[in-house]
Amino acid sequence: MDRRLSHDLQLQNKMASLDIRLKKVNKVYREGDVIAGVVVVQSKGELPHQGITLNMEGMVNLLLSTKSVGLFEAFYNSLKPIQLLNYNLDVIKPGKLPSGKTEIPFEVPLKPKPGKTLYETYHGVFVNIQYLIKVEMKRSLLNKDLQKQTEFIIEYKNQEEKAKAKPVNFTITPDTLTNVKKQNVPQFKVKGHIDSSCLQITKPLTGQLTVESCEAPIKSIEIQLVRVETCGCAEGYAKDATEIQNIQIAEGDVVRKMAIPLYMVFPRLFTCPSLSTNNFKVDFEINIVVVFADDHLVTENFPLRLTRF
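Within an unreviewed UniProt entry, the label attached to the protein reads Vacuolar protein sorting-associated protein 26C, and the organism entered is Elysia chlorotica. Under the Subcellular location (unreviewed entry) heading, UniProt states for the protein: "Endosome". Turning to the protein, the UniProt record has this under Sequence similarities (unreviewed entry): "Belongs to the VPS26 family."

This is the structure:
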């Protein structure tokens, strides 16, 4: 009898499903918007339930890298998740839903908690800013509750800081390098420019470089986009740099004195406008990397400032 009851319950769970569909296909919203959509319930047969609830939540989750664990006790208090947004809604009260497909509309105002700011969505390694809508259908003790969640994207509506062109000219030689043993580096000279180190996040980084001279053959030239995430508090900070993407702009022993274009599009979600708060910071940099034929490489670093507008 117990086995038969268990089988019947499994069948009932398979016969019912829960989903969330937002009206905006791209799921991009700004503070002050109303998030509208429908909760979709599908069932084979009449579906009794104990109510459907919706929770909209925005969180900043901070993580300490393994190299920083144990350095500062104060870190552990400052690394608690930061709740930016929390809204609960009763979508429908306990009752029964008919067989087939039922769509229940909802509207939720997008407002932060008092004293909080809605930062842009960002998926990092040690800093993660995420916004979720979760829907749950409560059922009787004998049936499993149904749950579903979907992520939506936040972008700034306004931003005081606007992108202003800040061209950067550079010359890379063995003498300009730091933290490198000069005896392992061949004589070379690379000149170039970045059109701006302050950039609107929806526009690409552009520029060019030229290998003026190099006594050793070159294997590759690359540009790396790096995120620099800082977590901590007044007692101390943990700062970690991790690569987001690497683009090869030249392969092989490039022709000397020929301009090579720099072009990089910033990946969505893995970048955001540069951000600084009391508990965390998110900055970005690019590295220009020259790899020689013997696999030795040299790197020059350039800080970036990203804005939404």
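Asker: Provide a residue-level description of the sheet that holds strand β3 (residues 34-43), including the pertinent values.
Answerer: Across the sheet, three strands lie side by side as β1-β3-β8; this open sheet has antiparallel pairing. At either end of the open sheet lies a strand with only one pairing partner, and these are β1 (16-22) and β8 (100-109). In this sheet, adjacent strand axes meet at a mean angle of 20° when their direction is disregarded.

Asker: Could you give an account of the environment of Met 15, naming the residues involved and the relevant values?
Answerer: Counting through the fold element by element, Met 15 comes out in the loop between α1 (2-14) and β1. Using a relative accessible area of 33% as the deciding quantity, one classes Met 15 as partly exposed. C-alpha separation for the pair Met 15 and Gly 45, spaced 30 residues apart in sequence, amounts to 8.0 Å. Excluding anything up to four places from it in sequence, Met 15 contacts Gln 42, Ser 43 and Lys 44.

Asker: Quick one: what's the story with the pattern of salt bridges, residue by residue and with numbers?
Answerer: By the definition in use, this model includes 15 salt bridges. Across the pair Lys 134 and Glu 57 runs a salt bridge, and its minimum N-O distance is 3.6 Å. Note that Lys 134 is positioned in strand β10 (residues 127-137) and Glu 57 in strand β5 (residues 52-62), a separation of 77 residues in sequence. Salt-bridge contacts for Glu 120 lead to Arg 308; the nearest nitrogen and oxygen are separated by 2.6 Å.

Asker: Go over the environment of Leu 64 with me, naming the residues and quoting the values.
Answerer: Within the secondary structure layout, Leu 64 lies in the loop between β5 and α2 (74-78). Expressed as a C-alpha distance, the spacing of Leu 64 and Tyr 237, which sit 173 residues apart in the sequence, is 9.9 Å.

Asker: For the sheet that holds strand β13 (residues 188-194), give the residues involved together with the corresponding values.
Answerer: The four strands lie next to each other as β12-β13-β15-β18, forming an open sheet whose pairing is antiparallel. Edge positions in the sheet fall to β12 (168-172) and β18 (259-264), since each of these pairs with one other strand and no more. With strand direction ignored, the average angle separating the axes of adjacent strands in the sheet is 20°.

Asker: Tell me about the nonpolar core, residues and numbers included.
Answerer: In this structure, Ile 129, Ile 133, Phe 152 and Phe 280 are the most contacted members of the largest nonpolar core, which totals 80 residues. Residue contributions to this core peak at seven residues, all from strand β20 (residues 280-292). Split by domain, this core shows at least three residues from each of two domains, domain 1 (3-154) and domain 2 (168-307). Contacts of Phe 152, omitting those with residues within four sequence positions, involve Leu 22, Lys 27, Tyr 29, Ile 35, Met 56, Leu 85, Leu 110, Thr 121, Tyr 131, Leu 132 and Ile 133.

Asker: Residue-level account of the packing of aromatic side chains, with values.
Answerer: Counted according to the given criterion, the structure contains six aromatic pairs. Between Tyr 29 and Phe 152, the aromatic rings sit 6.0 Å apart at their centres with planes inclined by 85°, giving edge-to-face as the arrangement. Within this pair, whereas Tyr 29 is found in strand β2 (residues 28-29), its partner Phe 152 is found in strand β11 (residues 146-154), the two being separated by 123 residues in sequence. The burial state of Tyr 29 is the same as that of Phe 152; both residues are buried. With a centroid separation of 6.3 Å and 85° between ring planes, the pair formed by Tyr 122 and Phe 284 is classed as edge-to-face. Placement of the pair is Tyr 122 in strand β9 (residues 122-123) and Phe 284 in strand β20, with a sequence separation of 162 residues.

Asker: Pulling in residues and values, what's your account of the pairing of β18?
Answerer: Judged by which residues are buried, β18 turns out to be one-sided: Ile 260, Leu 262 and Met 264 face inward and are buried, whereas Ala 259, Pro 261 and Tyr 263, on the alternate face, are not. Inspection of the sheet shows strand β15 (residues 205-214) paired to β18 by six bridges, in the antiparallel sense. By the bridge assignment, Thr 206 is partnered in β18 with Tyr 263.

Asker: Go over unusual backbone geometry, please, and point to the residues and values.
Answerer: Backbone geometry places Leu 269, a non-glycine residue, at a positive phi of 75°. Of note, Leu 269 is situated in the loop between β18 and β19 (275-276). If you check the backbone angles, Asp 295 has positive phi at about 75° while not being a glycine. Within the fold, Asp 295 resides in the loop between β20 and β21 (297-307). When its relative accessible area of 49% is taken as the criterion, Asp 295 is described as partly exposed.

Parameters at a glance
- Residues numbered from 1 in each chain as written.
- Predicted model: local features only at pLDDT ≥ 70, side-chain atom pairs only at ≥ 80, totals over all residues.
- Heavy atoms only, no water.
- UniProt positions renumbered as here; feature names shortened; annotations may be inferred.
- Pairing = 2+ DSSP bridges.
- Helix = DSSP H or I, 4+ residues; strand = E, 2+ residues; numbered from the N terminus.
- Axes fitted to C-alpha atoms, helices over the stretch in contact; angles between N-to-C directions.
- Buried < 20%, exposed > 50% of the residue type's maximum accessible area, 1.4 Å probe, protein only.
- Contact = heavy atoms within 4.5 Å.
- Salt bridge = Lys/Arg side-chain N within 4 Å of Asp/Glu carboxyl O.
- Core = buried A, V, L, I, M, F, W, Y, C linked by side-chain atoms within 4.5 Å.
- Domains from an automatic or database assignment.
- Phe/Tyr/Trp six-rings, centres within 6.5 Å; stacked < 30°, edge-to-face > 60°.

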